[in-house]
Every structure is written in structure tokens, then in C-alpha cells.
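A closer look at the structure
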Number of protein chains: 2
Amino acid sequence: MTIIFYDIPSTLPGNAWSPNTWKVRYVLNYKGIAYKTEWVEYPDIEAHAKKLGIAPTSKKADGTPSYTLPAIHDTTTGAYISDSFPIVEYLEKTFPNTPSVFPAHTHGLQATFDGAFVDGALTPLFQFILPATCPKLNPRSEEYFRRTREATFGKPLEEVVPKGDAGVTEWAKFKDGLGKVDTWYAKSGGPFLLGSTVSWADLDVAAWLIWLKVVWGEESTQWKDIASWQGGRWGALIANLKQYQTVV
Amino acid sequence: MTIIFYDIPSTLPGNAWSPNTWKVRYVLNYKGIAYKTEWVEYPDIEAHAKKLGIAPTSKKADGTPSYTLPAIHDTTTGAYISDSFPIVEYLEKTFPNTPSVFPAHTHGLQATFDGAFVDGALTPLFQFILPATCPKLNPRSEEYFRRTREATFGKPLEEVVPKGDAGVTEWAKFKDGLGKVDTWYAKSGGPFLLGSTVSWADLDVAAWLIWLKVVWGEESTQWKDIASWQGGRWGALIANLKQYQTVV
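Residues numbered from 1 in each chain as written. Chains lettered and ligands numbered in written order. Predicted model: local features only at pLDDT ≥ 70, side-chain atom pairs only at ≥ 80, totals over all residues. Heavy atoms only, no water.

**Some details on the packing of aromatic side chains**
Residue and element names in this part refer to chain A.
- The full count for this structure, using the stated rule, is 40 aromatic pairs over all chains.
- Ring geometry for Tyr30 versus Tyr244: centroids 5.1 Å apart, planes at 85°, classification edge-to-face. Note that Tyr30 is positioned in helix 1 (residues 19-31) and Tyr244 in the segment after helix 10 (221-240), a separation of 214 residues in sequence.
- Classification of Tyr244 as buried rests on a relative accessible area of 15%.
- By the ring-pair criterion, three or more aromatic residues cluster together here, those being Phe128, Trp171, Phe174, Trp216 and Trp229. (Phe/Tyr/Trp six-rings, centres within 6.5 Å; stacked < 30°, edge-to-face > 60°. Helix = DSSP H or I, 4+ residues; strand = E, 2+ residues; numbered from the N terminus. Buried < 20%, exposed > 50% of the residue type's maximum accessible area, 1.4 Å probe, protein only.)

Quick look at the structure:
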């Protein structure tokens, strides 16, 4: 066993749901690196990181360190790494004989992608998916998730979801945002952003999408809607990456 | 003669200054495509576009079409194209035997770059560079530029530049933004974002930078500052692309 992968559990079948940790899980699976998941509930992440010496990834509003998942431990080298992109960079460097997610010298260009995707497409999504995510977590994580997200929004999560006409308008904005990303995909002929080659950008997009698929459920109106948009691009992307969706 | 390139003139030596038109000029020069510049003052752009049948690129605040430069006319095919990225895509398609600015199937990934660069680095810049640009334009363009930009900011351009401590803080934010872009470049070993190969992303960054260099002047405190940041990355990038900076 080489890699211990720290992820956040849920009550969903398969357990995995977090988009940020899915980015790393997809990369581990794509590269075929042996790993084992250890599940850490939200309120335990900070103590877990401090105990193992895993670095914080950002700062809280009050200036104190913020500890997040994903994180990994490489039992061969002893390294502990946190934050999805640094973890992927570590895996690229440490496992050079596995398929690269930064092919054709695109490492720097791939580094720009997650921000462009979130800003370009996901901003209107969060008000819908964060409230839907809350009840899928185990009770201790649910309490933590609700408290911290409600502090961000300044109101109960149930009041965050836009309703009526506002709901229709905001959902359409999300569709339009994904439409912009669809134009990027269309330029390379698809199904992946580099054409026929999988790269970080695709696994990044898929990690965000699979969150929606597992939280709302494959048969939900929301997922069926998303999977059908832009000629079925997003349903097809998830399907094309299905072999990298195992949870071990 | 194949391509007529429509650009906005100034009182500066070399005439060219606009970052959006520089994107196309860099690409024309890099691809070695024969072209000739026709200069169009700001208040004439709309009538010029309507007369030639050049499409608008966006909408004004009041919902009417907005006509902008760059635009090109291909005298061989008869095509008129506006907006920098669509122009570059047209040149890629129409001149397949010239060096590609979307190498290694990166067309879709390159399409995400300009937005990521502007959002990541340039937001704090505009309050400094727009007021500095105004007096470098010919009188008719200057009046148009001042009027439209002052409408955006809601105050005279002279009051837009942050002063004192605020000026220091905002300039430092711009440096930090370029620092983020520097980390992208550092990943590929440079000097270009794909390593040793020039691509759209580099010409895009250089087009923004050359605006600052020509408006403030090579010997200005501002340009010397920028050219020295991040180990001299930006001064070196412009220098490495110097052969593609001709104005014809």
C-alpha cells in the first residue's frame, strides 16, 4: 500500500461525494496508483491534520489556519500533502511512469483551469447544491457543514435556495455557465478538453459534476436536466470517465 | 496582400497600444501572415463596422450592439471577423501551414486562459492604466475614451487613480495577481506557458503587458517595477517575443 487518501464520508452509497476530494480520487484512479481511503468527519479534520502534521490550506476569516481535505499520506516517502492541485502535482512527480494528467507540457495551463471553471460556471450552482448536500452527511459532519455554510450565507440553508421565478432564473444561469464551458470543449472536438486525451481539466470538471449526480441522485430532475444540457456533454463526460470512479 | 488588420491609433511611437488588438497583431506576426494595418479612431469604429458588415462583439448597457476592434478583413476569402479570439481561430483554420498558437490540441484549454488571466491578475490594474492611457490617444479618440470610461467609473478619470496608502496597496495587489500567474509559468519551466513553445496564452499575456510598457514608457517607474517583478519574468517575456512586435 502506498497512498492513504483522506476523504469526507457521507450517508450515500459509495460514501464519496466531495468535489474537492473527488478531484484527487479521479487522478489516483486514472493513474492506477494503489491507495486506501480513510474517512474523516468534518469536525475531526483539523485535529487529524495537526496530529499528523498535515499543512493547512488557507486561512479562516479570523486569520487562523484552515485545515481541509483532500489530503494524502505516502507511506513510502513519509510525505503528507494537502490541497487537491498540490497533491496531483506530487503524484505526477512521484509516479512518473503512470499516465500524466498534464500531457504535452500543459502543467501551467492546467493550473489555470479550476479557477476558470468555478468562476465561469459554478457560481450560481452553490445556492442549490450546498443545501441539498447538508442532509447527506453523517450527523456530526452535517452540524459542522450547516453551521459553517450558514455563517457564510448569513441565513438558514433552507432559505438559501432561490424559489419561484428566481429559482428558474438562477438555474438558467448555471446552465449558461456550463454552456460557456461547452464552447471550450467543442473547440477540441471532445470528448475531453484536449480532444481524445484525458487531462486534469476533465477530471476537475467531472469531480464537480459527480457531486451533483450523487447528492441529487441519478434519477433526480436536477441531474437529468444537467446531464441533458449542451447535447448531453456532461452526462457523456461522466460516463466516459466511469472506469475512474471506483471508491477503494 | 491577404489580411487587413483594423487597429486603434495613438500618439505613441509605433501607434499600436491597445491590448486587445495587440493580441491579434502578435498572432499575425508569430504566424508570419502578410497583413497591413488600417487605423480607425474610437468614434469611427461603429460606422466603419456597419459600413463593412463587421459583426458587433457584445451589447452596450442599453442593449444596442457594441462594435469593437480588433477586426480583420481577409481579402482572399472576403471574410470580415471581429473579436480577438474568433479572429485567432479564423487565422488558425485559414492558415494551417503557419505555426499554431494552439499546439498539442490545447485549443479548448487556451480558450479558458484570457478570462483566467484578467480575473486573476488585471482587476487592480485598470484604475491605474486607463487614466494613463487617455492622454496618449488622438483628440477624437481621447474624448470618446474619457467619456465612456468615466461613465463606467462614475467619476473623472483623474480621480480613478488610487493615491497615497491606497495607491500602494492597490499596486501591491496587482503585483500579487501577476505573482499568481508567475506560479503557472513556473510549473512549466518557462519561458513560455507550455515550456519552450509559444502559444496563445503567452501572446495574450504579452499583449496586456505591452500596453503598460508603451503607455507608461520603457523608462517609467511603473514599467521598470513590473518588468522586475517575479524574477523579471514579465520583462523577459516581452523580450523573448520581441521579434513578433513589429507594426506594419
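**Observations concerning the relation of the copies chain A and chain B**
- When chain A is fitted onto chain B, the two copies agree to an RMSD of 0.0 Å after a turn of 180° and an axial shift of 0.0 Å. Here the two chains are linked by the operation of a two-fold rotation axis. Among all residues of chain A, the minimum C-alpha distance to the rotation axis is found for A:Ala116, at 2.7 Å. (Least-squares fit on C-alpha atoms with pLDDT ≥ 70 in both.)

**Things to note about helix 8 (residues 164-187) of chain B**
- For helix 8 of chain B, spanning 24 residues, the distance from its first C-alpha to its last is 35 Å, which sits close to the expected 34 Å at 1.5 Å a residue.
- Restricting attention to buried positions, one finds in helix 8 of chain B the residues B:Gly167, B:Glu170, B:Trp171, B:Phe174, B:Gly177, B:Leu178, B:Gly179, B:Val181, B:Asp182, B:Trp184 and B:Tyr185.
- Each element contacted by the buried residues of helix 8 of chain B is listed here: helix 4 (107-111) of chain A together with helix 5 (113-122), helix 6 (126-133), helix 9 (200-216) and helix 10 (221-240) of chain B. (Expected span 1.5 Å × (residues − 1). Contact = heavy atoms within 4.5 Å.)

**With respect to helix 3 (residues 84-94) of chain B**
- Across the eleven residues that make up helix 3 of chain B, a large majority, eight, are buried.
- Among all positions of helix 3 of chain B, only B:Ser84, B:Phe85, B:Ile87, B:Val88, B:Glu89, B:Tyr90, B:Leu91 and B:Glu92 are buried.

**Focus: the sheet that holds strand 1 (residues 3-7) of chain B**
All names here are of chain B.
- Taken in spatial order, the four strands line up as 2-1-5-6 in an open sheet, and their pairing is mixed. The open sheet has two edge strands, strand 2 (35-39) and strand 6 (80-82), and neither has a second partner. In this sheet, neighbouring strand axes are inclined to one another by 20° on average, regardless of whether the strands run parallel or antiparallel.
- In this structure, strand 1 lies alongside strand 5 (residues 71-74), joined through four bridges in antiparallel fashion. Bridge pairing in strand 5 links Tyr6 to Ala71.
- Across the face of the sheet, helix 1 (residues 19-31) comes into contact with strand 1, strand 2 and strand 5 while running at roughly 155° to strand 1. (Pairing = 2+ DSSP bridges. Axes fitted to C-alpha atoms, helices over the stretch in contact; angles between N-to-C directions.)

**What about the UniProt feature "domain: GST N-terminal" (unreviewed entry) in chain A?**
- With numbering matched to this structure, UniProt assigns "domain: GST N-terminal" (unreviewed entry) to residues 8-99 of chain A.
- With 35% helix and 17% strand, the stretch residues 8-99 of chain A has end C-alpha atoms that lie 26 Å from each other. (UniProt positions renumbered as here; feature names shortened; annotations may be inferred.)

**Here we look at the sheet that holds strand 1 (residues 3-7) of chain A**
Residues and elements named next belong to chain A.
- Spatially, four strands are ordered 2-1-5-6 in an open sheet, and the strand pairing comes out mixed. A single partner strand is all that each edge strand has here, and the edge strands are strand 2 (35-39) and strand 6 (80-82). Taking each pair of neighbouring strands and ignoring which way they run, the sheet shows an average axis angle of 20°.

**Side note on the packing of helix 1 of chain B against helix 3 of chain B**
All names here are of chain B.
- Between helix 1 and helix 3, the least distance of the axes is 9 Å, while the angle of their chain directions is 15°. Between helix 1 and helix 3, the interaxial angle falls into the category roughly parallel. The two elements helix 1 and helix 3 meet at a crossing, and its hand is right-handed. Across the interface between the two elements, Asn20, Lys23, Val24, Val27, Leu28 and Lys31 of helix 1 pack against Ser84, Ile87, Val88, Leu91 and Glu92 of helix 3. (Parallel < 35°, antiparallel > 145°, perpendicular 65-115°, else oblique. Left-handed = near helix turned anticlockwise from the far one by under 90°.)

**Examining the interface of chain A and chain B**
- With 20 residues of chain A in contact, the opposing surface of chain B contributes 20 residues.
- When the two sides are added together, the surface that chain A and chain B hide from each other amounts to roughly 1700 Å², 68% of it contributed by carbon and sulfur.
- The largest share of the area that chain A buries against chain B comes from A:Leu109, A:Thr112 and A:Lys187, three residues that together contribute 37% of it.
- The interface formed by chain A and chain B contains two salt bridges.
- The partner of A:Glu89 in a salt bridge is B:Lys187, and the shortest N-O contact between them spans 2.6 Å.
- At the junction of chain A and chain B, the tally comes to four residue pairs in polar contact (both at pLDDT 80 or more). (Buried area = accessible area lost by both parts, 1.4 Å probe. Salt bridge = Lys/Arg side-chain N within 4 Å of Asp/Glu carboxyl O. Polar contact = N/O pair within 3.5 Å; in protein donor to acceptor, adjacent residues only side chain to side chain.)

**Let's talk about the side chain of B:Ser82**
Residue and element names in this part refer to chain B.
- Structurally, Ser82 is set in strand 6.
- Engagement of the side chain of Ser82 in a polar contact is seen with the backbone oxygen of Ala55, the distance being 2.7 Å.
- Apart from the residues within four sequence positions on either side, Ser82 is in contact with Ile54, Ala55, Pro56, Thr57, Pro70, Ala71 and Ile87.

**Here's the deal with the environment of A:Ser100**
Residues and elements named next belong to chain A.
- Mapped onto the fold, Ser100 is located in the loop between helix 3 (84-94) and helix 4.
- Since its relative accessible area comes to 28%, Ser100 is described here as partly exposed.
- In sequence terms Ser100 and Trp200 are 100 residues apart; their C-alpha atoms lie 8.7 Å from each other.
- Once residues within four sequence positions are removed from consideration, Ser100 is found in contact with Tyr30, Lys31, Glu92 and Val198.
- A polar atom in the side chain of Ser100 sits 2.9 Å from the backbone nitrogen of Phe102.

**A closer look at unusual backbone geometry**
- Cis geometry is found at the peptide bond from A:Leu69 to A:Pro70, where omega equals 15°.
- Inspection of the secondary structure puts A:Pro70 in the loop between strand 4 (65-66) and strand 5 (71-74).
- You will see that A:His105, though not glycine, has its phi angle at about 60°, which is positive.
- Backbone geometry at B:Asn15 places phi at a positive 75°, although glycine is not the residue there.
- One can find B:Asn15 in the loop between strand 1 and helix 1.

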